[in-house]
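Notes for the structure review
For reference, the chains in residue letters:
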Amino acid sequence: MSQERIAINLRNWRGKSTEEIVQDLASFPIESADLPSEKRISVTVLKLSSFAKLINPLSQSAEDIATTKIYMWAKDANPQVQIWLDSNEPSEKEILQEMKTLIDFNPGQLIIWLSPAEKGVYDESRIGIYQVVLVNNEKYLFFRSLCGNQYLDKCSVIAKRLTRNSVEIIIPEELSDPRLLRACPISIYVPGKSLLGYLKSAIEIPNVWQAISNGEDIDKKINSTAVVSAFLTGEVEAQIEEAQLFNQQVIIGAWIEKELQERLNITLKPGSCGVLYSSLTISPLTQILGNRESVSLESGAKFVKNCGNCGTPINARISKGYVCPHCGGVYEGC
């Protein structure tokens, strides 16, 4: 995401299921952590039918065009990886644990998305590696997002290597323009028996491949999901759903970021996935929030219709210390 966007925009979670919110939120601290790239590999498992909801066919953005192409590729892909689990609706954790035993297995087909870093547009590069797996006879996308600092020159070299095994004809101009490259995920047939062996030869990031071969990315995602599930209570979800005003979203978002940092023992880095809510509480919102600390969501929230000081409609669940954005009045609780 570009730097102008908020890293975890609470508005995007309205109407989503708990499982969807947990999955989104569990990936965020991995990609945004102030750590080396080999410790910031985000791995995700998603039903193909759920991935289809991300398609925006009317959009002309490179990212949306790429999403549509990845989905159309996945619909036709013939998965070589097949997993059978006892659960009718297996969790991401169950599938990830199975995939940990198949890290170097050749899946046959892959599609790889390259998004080069670009000054003023994207602080970092992203490389997305997608494969289709069959779980209980239903198609899922299993994919990794690799954070890095590859600019267009390096991404173009990677793309040229990948096209040697591409199933489609790639126009050279698509590899030398950052927007065209982002809109052009490369579908390939993986040669040989070793998946990691092939990826190492095409994308030279040895520390990342070592971490993947050890299963570190899968362990990290499972742990992050467990941590998020522990504090994303029904009350917190209600707060997210009811936060209509932007400053309400800032308070909740900053609290979530604080919880993630403390529980995962990390420092979040603004810019890699977008702006952090916690950075917005400093400036330019200090006048709105009055330099007060973010409200703890565990401190007796109460639904309030109107500000008791100025009478302005609030219509949200708020906690002690909430600051009215209209008059600056502070809610002191019951």
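For the structure itself, look to the data block above.
Residues numbered from 1 in each chain as written. Predicted model: local features only at pLDDT ≥ 70, side-chain atom pairs only at ≥ 80, totals over all residues. Heavy atoms only, no water.

With that out of the way, let us pick up the side chain of Glu257. Along the chain, the position of Glu257 falls in helix H12 (residues 246-264). Although Glu257 is buried, it makes no salt bridge; Lys258 carries the closest opposite charge, 11 Å away. From its side chain, Glu257 meets the backbone nitrogen of Tyr277 in a polar contact 2.7 Å long. Filtering out sequence-adjacent residues up to four positions away, Glu257 remains in contact with Ile8, Phe28, Leu268, Leu276, Tyr277 and Ser278. (Helix = DSSP H or I, 4+ residues; strand = E, 2+ residues; numbered from the N terminus. Buried < 20%, exposed > 50% of the residue type's maximum accessible area, 1.4 Å probe, protein only. Lys, Arg positive; Asp, Glu negative; His and termini not counted. Salt bridge = Lys/Arg side-chain N within 4 Å of Asp/Glu carboxyl O. Polar contact = N/O pair within 3.5 Å; in protein donor to acceptor, adjacent residues only side chain to side chain. Contact = heavy atoms within 4.5 Å.)

Here we come to the packing of aromatic side chains. Applying the stated criterion across every chain yields a total of three aromatic pairs. When the centroid spacing of 6.5 Å and the interplanar angle of 65° are considered together, the rings of Phe51 and Tyr130 count as edge-to-face. With Phe51 in helix H2 (residues 48-51) and Tyr130 in strand S4 (residues 125-135), this pair connects stretches of sequence that are 79 residues apart. One exposure class covers both Phe51 and Tyr130, and it is buried. (Phe/Tyr/Trp six-rings, centres within 6.5 Å; stacked < 30°, edge-to-face > 60°.)

What follows concerns unusual backbone geometry. Unusually for a residue other than glycine, Asn136 sits at a positive phi of about 50°. With respect to the secondary-structure elements, Asn136 resides in the loop between S4 and strand S5 (138-148).

Quick look at the side chain of Thr67 now. Within the secondary structure layout, Thr67 lies in helix H3 (residues 62-76). With relative accessibility at 16%, the residue Thr67 sits in the buried group. Setting aside residues up to four positions removed in sequence, Thr67 forms contacts with Phe51, Leu54 and Ile55.

Geometric descriptors of this kind do not, in isolation, establish any biological role.
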